[in-house]
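Structure assessment
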Amino acid sequence: MKISIIVAKADNNVIGKDNQLIWKLSADLKLFKKHTTGHHIIMGRKTFESMGNPLPNRTSIVITRNSDYSVPDNHHVVNSLESAIQLCIGKHLDQVYIIGGAQIYKEAISICDEMLITEVDASPDGDAFFPEFNKTEWKIVYDEYHSKDEKNENNFRFAIYERIHSIVQ
Ligand SMILES: NC(=O)c1ccc[n+]([C@@H]2O[C@H](COP(=O)([O-])OP(=O)(O)OC[C@H]3O[C@@H](n4cnc5c(N)ncnc54)[C@H](OP(=O)(O)O)[C@@H]3O)[C@@H](O)[C@H]2O)c1
């Protein structure tokens, strides 16, 4: 099963402020929808609550330490990232997306195979950050550039990073 992170981060690694996204990038939302539709999406409880409702046509898996937490039918609550992954393996999925936020990305970056990163040309104030990662451990297998316009307030690059698996034991 391929484990993918999907994130939009600024040049300074900011991903959010006050439990909200910061920028308005219609083209990025379309990319997010295109990649995640039909799939299971794993997220922290705060990201789930920031969205208000489960995203349509996706199965949400929400990570929380609260054993009484509940989500609508056909979605799931788990108490760790590992339990979320085990749930997906048990369902024989080919692919799962980890959609944030900062706490979950920090844990997931060491176990994911791929990162779909929208690199936003901005350095806003924020209180949630994507972790630093070692670029030598990753190769960019795809990228596309988007210029700002009336529906996208910043320039951005959408890049897919694939983990380079060492053959040296
Ligand atoms: N730009 C992007 O692509 C993007 C994507 C997603 C989110 N965001 C932003 O990121 C921010 C939210 O990130 P965040 O770090 O504050 O919150 P988060 O990662 O979404 O959720 C944190 C919560 O997840 C649960 N959790 C975390 N680690 C856990 C563990 N090891 N075991 C069990 N439960 C665990 C805890 O829930 P309980 O407190 O219930 O126990 C914790 O409070 C928001 O600003 C949001 O807009 C940005």
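As a reminder, the structure under discussion sits directly above these lines.
Described in the following lines is the structure provided in the data block. (Residues numbered from 1 in each chain as written. Predicted model: local features only at pLDDT ≥ 70, side-chain atom pairs only at ≥ 80, totals over all residues. Heavy atoms only, no water.)

Our next topic: the side chain of His-75. As for its position among the elements, His-75 is in the loop between strand E4 (59-63) and strand E5 (76-78). A polar atom in the side chain of His-75 sits 2.9 Å from the backbone nitrogen of Ser-60. Setting aside chain neighbours within four positions, we find His-75 in contact with Pro-54, Arg-58, Thr-59 and Ser-60. (Helix = DSSP H or I, 4+ residues; strand = E, 2+ residues; numbered from the N terminus. Polar contact = N/O pair within 3.5 Å; in protein donor to acceptor, adjacent residues only side chain to side chain. Contact = heavy atoms within 4.5 Å.)

It is worth spelling out the sheet that holds strand E6 (residues 95-98) at this point. Spatial strand order, E5-E4-E3-E6-E1-E7-E10-E9: 8 strands in an open sheet with mixed pairing. This sheet does not close on itself; its edge strands, each paired only once, are E5 and strand E9 (138-146). When the angles between neighbouring strand axes are averaged without regard to direction, this sheet yields 20°. Note that strand E1 (residues 2-10) and E6 share 4 bridges and pair parallel. Bridge pairing in E6 links Ile-5 to Ile-98. Packing of helix H1 (residues 26-36) onto the sheet brings it into contact with E1, strand E3 (40-44), E6, strand E7 (114-120), E9 and strand E10 (156-163), and relative to E10 it is tilted by some 30°. (Pairing = 2+ DSSP bridges. Axes fitted to C-alpha atoms, helices over the stretch in contact; angles between N-to-C directions.)

Within the largest apolar cluster, 28 residues are counted, with the highest numbers of intra-cluster contacts made by Ile-5, Ile-42, Ile-98, Met-115, Phe-130 and Phe-133. Of all the secondary structure elements, the ones that give two or more residues to this core are E1, E4, helix H3 (81-90), E6, helix H4 (102-108), E7 and E10. Sorting elements by how many residues they give to this core places H3 first, with 4 residues. In this structure, Phe-133 is in contact with Ile-109, Met-115, Ile-117, Trp-138 and Tyr-161, ignoring residues within four places of it in sequence. One finds Leu-25, Met-43, Phe-158 and Ile-160 within the second-largest nonpolar core, a separate group that totals 22 residues. (Core = buried A, V, L, I, M, F, W, Y, C linked by side-chain atoms within 4.5 Å. Buried < 20%, exposed > 50% of the residue type's maximum accessible area, 1.4 Å probe, protein only.)

Surrounding the ligand, one finds 25 residues, the nearest of these being Ala-8, Arg-45, Thr-47, Thr-64 and Arg-65. Measuring from an oxygen atom of the ligand, one finds a backbone N or O atom of Ile-63 at 3.4 Å. Summarising the interface, the protein chains cover 87% of the accessible area of the ligand, which totals 930 Å² for the free molecule. At 5 residues, the largest contribution of residues to the shell around the ligand is made by H4. When its residues are assigned to classes, the shell around the ligand shows 10 nonpolar, 10 polar and 5 charged. (Near = heavy atom within 4 Å. Areas by Shrake-Rupley, 256 points an atom, 1.4 Å probe, with all protein chains shown as cover. Nonpolar A, V, L, I, M, F, W, Y, C, P; charged D, E, K, R; others polar.)

With that out of the way, let us pick up H1. Three or four residues apart is the spacing at which side chains of an α-helix point the same way, because the helix has 3.6 residues per turn. Those residues of H1 lying buried are Ala-27, Asp-28, Leu-31, His-35 and Thr-36. Taken end-on, H1 shows its buried residues confined to a sector of 155°, consistent with a single buried face. Away from its buried face by more than 90 degrees, H1 exposes Leu-29, Lys-30 and Lys-34. Contacts made by the buried residues of H1 are with E1, E3, E6, E7, E9 and E10. Phi turns positive one or two residues past the end of H1, at Gly-38, with a value near 85°. (Arc of directions from axis to C-beta.)

Attention now goes to the pairing of E3. Counted residue by residue, E3 has 5 buried out of 5 residues, so it is predominantly covered. Residues His-40, Ile-42 and Gly-44 line one face of E3 and the alternating positions Ile-41 and Met-43 line the opposite face, and both faces are buried. Pairing analysis gives 5 bridges linking E3 to E4, with the strands arranged parallel. Paired with Ile-41 across the strands is Ser-60, a residue of E4. In the classification by handedness, the crossover that spans E3, the intervening helix H2 (residues 45-51) and the parallel E4 is right-handed. The pairing of E3 with E6 spans 3 bridges and is classified as parallel. Note on E6: the bridge partner recorded for Ile-41 is Tyr-97. (Right-handed = clockwise from strand over helix to strand, strands pointing away.)

By themselves, these are just geometric observations and shouldn't be taken as functional.
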